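Spelled out, the chains give:
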Amino acid sequence: MSTAKLSLNGQDYEFPTFTGSEGEVGIDIAKLRPESKAITFDPGYGNTGSCKSAITFINGEKGILRHRGYAIEDLANKSTFSEVSYLVIHGELPTPEQLSAFEAGIAEHSTLPAAISDMITRFPKTAHPMSVLSSMTAALPAVYDDYINEDSVDTNVMRMLGHVLAIATEFHKHTEGEAAVPFDSNLDYPGNFLNGMFGSADGGYTVNPIRQSALNKLLIVHADHEQNCSTSTVRMIGSGHASLFTSITGGISALWGPLHGGANQAVIEMLHDIQEDGGDSEKYMEMAKDKESGFRLMGFGHRVYKNFDPRATILKEACDEVLEDLGVSDPTLALAKNLERIALEDEYFVKRNLYPNVDFYSGIIYRAMGIPVDMFTVLFAIGRMPGWIAHWLEMREDGGRIHRPRQIYTGATHREFPR
Ligand code: ACO
């Protein structure tokens, strides 16, 4: 086993290293503070591994994303969201019997407890659905008294998957002044989302297969993404042994920020603003480079991907197909492509490895499908659900200490109280 050496104030310290299955090297500094009284300083955690995980592998330099060893391109093009959810959560692709049982479990838990459905109807119709989603998942321990029981974990996983879809669609129906649409076991997960949004409690709505297949792809590309802001939040909360529902509520809240999952809504709003302002791409690219302007090119850049985001590549292709298949002509697609073209040639963006991320094209597809803009991040949350669940389960199985980073204090030293 190789070791890493650190010299501090004339003293040498040695730390064990370990290697992951894809050759990534970690330096185990657990003994650093006890032995040297010093800590590492890594704001934004860009160089800090918080756990070992067997769920998702990302190589940001090469643009690789794999779940449980399977390439995202294969999963997006050849699989279903239910199958990928099972894979991410349980570690292996399901047999046909396991998949049927999994889908039946989602269907079984697709009906919300009456108290939750009732609360959904009490929100203002103008409420942001991300606020409604996190409020309702936060309320689940109030209605399930087995929320923390060890032997209810499997049931709570299925409740989570079934309920988030129902919370999102029931709230949308509430905003339209319409009754909730019951889950239809003849439809898959994306089909039920579309039926719940655009169908009617009386039936008579046929899910468009192009929309259904596009949504399947969109949900799959969001299924997991290792230790991002929201997943780390789920693990952080779960490390204190909070319930699955409570930990995931924190993940939903973290996802909402415009630098994270909220970027899909922010991209569309940005494209709309640029268009309203005359569609001058060059002007906005200059603003994005000027730190004083306060403007960032939303949907661009990523902490880990420094070549391309493979999810964005999948969605860029899907975007062209979906718009063509649905016969939708969207001028924002041309604007988005123009911004991308300029950025890929511009020294500022090239030097900083800023490429379109998953959120750059997803919003254009959602919009072509008729999904309201403030539901975009909710769809990200629904897609990310298997990842959050898998990380919560993995952390629980691995055991480990409560997450508790340290700090370097920079405030006032001791002073006498004035009275
Ligand atoms: N537009 C303009 N400049 C940018 C952008 C952008 N979108 N993103 C990064 N930069 C610049 C920074 O100003 C910085 O420049 P500097 O070196 O001259 O100071 C450099 O690129 C590095 O950027 P950081 O902010 O340090 O990168 P970080 O890894 O911390 O942030 C993030 C990544 C948050 C994604 C950032 O690129 C960003 O704000 N992008 C826009 C929001 C977005 O699309 N978020 C979705 C991310 S994907 C996801 O969460 C699903």
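Everything below is about the structure printed above this text.
We now turn to the structure provided with this report. (Residues numbered from 1 in each chain as written. Predicted model: local features only at pLDDT ≥ 70, side-chain atom pairs only at ≥ 80, totals over all residues. Heavy atoms only, no water.)

**A word on unusual backbone geometry**
Now for step 1: In this structure, Arg68 takes a positive phi of about 50 degrees despite not being glycine.
Now for step 2: Topologically, Arg68 is positioned in the loop between strand 5 (64-67) and strand 6 (70-71).
Now for step 3: Under the relative-accessibility criterion, Arg68 is labelled partly exposed at 23%.
Now for step 4: One non-glycine residue with positive phi stands out, namely Asn353, at about 55 degrees. (Helix = DSSP H or I, 4+ residues; strand = E, 2+ residues; numbered from the N terminus. Buried < 20%, exposed > 50% of the residue type's maximum accessible area, 1.4 Å probe, protein only.)

**Topic: the packing of aromatic side chains**
Now for step 1: Tallying each qualifying case throughout the model produces nine aromatic pairs.
Now for step 2: Residues Tyr144 and Phe245 carry aromatic rings whose centres are separated by 6.1 Å and whose planes lie at 35 degrees to one another, so their mutual orientation is tilted. Linking Tyr144 in the loop between helix 6 (129-143) and helix 7 (153-175) with Phe245 in helix 11 (residues 244-255), this pair joins segments that are 101 residues apart in sequence.
Now for step 3: Judged by relative accessible area, Tyr144 falls into the buried class, the value being 14%.
Now for step 4: By relative accessible area, Phe245 is classed as buried at 1%.
Now for step 5: Three or more aromatic residues joined by ring pairs form one cluster here, namely Phe300, Tyr348, Phe349, Phe360 and Tyr361.
Now for step 6: Its guanidinium or amino end placed over the ring of Phe18, Lys52 lies 4.4 Å from that ring's centre, counting from NZ or CZ.
Now for step 7: Just above the ring of Tyr348 sits the side chain of Arg352; from NZ or CZ to the centre is 3.8 Å. (Phe/Tyr/Trp six-rings, centres within 6.5 Å; stacked < 30°, edge-to-face > 60°. Lys NZ or Arg CZ within 6 Å of the ring centre and 35° of its normal.)

**Here's the deal with the pattern of salt bridges**
Now for step 1: Across all of its chains, the model carries 15 salt bridges by this definition.
Now for step 2: A salt bridge links Asp118 to Arg122; its shortest N-O distance comes to 3.0 Å.
Now for step 3: The closest approach of N and O atoms between Lys316 and Glu340, which form a salt bridge, is 3.4 Å. You can see Lys316 sitting in helix 14 (residues 310-326) and its partner Glu340 sitting in helix 15 (residues 331-345), a full 24 residues away along the chain.
Now for step 4: Classification of Glu340 by relative accessible area gives buried; the value is 9%. (Salt bridge = Lys/Arg side-chain N within 4 Å of Asp/Glu carboxyl O.)

**Some details on the side chain of Asn264**
Now for step 1: Tracing the backbone through its elements, the reader meets Asn264 in helix 12 (residues 263-276).
Now for step 2: On the basis of relative accessibility, which here comes to 0%, the residue Asn264 falls in the buried class.
Now for step 3: If near-sequence neighbours (up to four positions away) are discounted, Asn264 is found in contact with Asp359, Ser362, Gly363, Tyr366, Phe376, Thr377 and Phe380. (Contact = heavy atoms within 4.5 Å.)

**Concerning the pairing of strand 5**
Now for step 1: Only one face of strand 5 is covered, namely the face carrying Leu65 and His67; the face carrying Ile64 and Arg66 is uncovered.
Now for step 2: When strand 4 (residues 56-59) meets strand 5, the two strands line up antiparallel, connected through four bridges. When the sheet's bridge partners are listed, Ile58 is paired in strand 5 with Leu65.
Now for step 3: Linkage of strand 4 to strand 5, two consecutive antiparallel strands, is achieved through a turn of four residues, within which Gly63 is found at a positive phi near 70 degrees.
Now for step 4: Summarising the sheet, strand 5 and strand 6 pair through two bridges and their orientation is antiparallel. Looking at the pairing, His67 lines up with Tyr70 of strand 6.
Now for step 5: With antiparallel pairing between neighbouring strands as the criterion, strand 5 and strand 6 make up a hairpin whose turn holds two residues, including Arg68 at a positive phi of roughly 50 degrees. (Pairing = 2+ DSSP bridges.)

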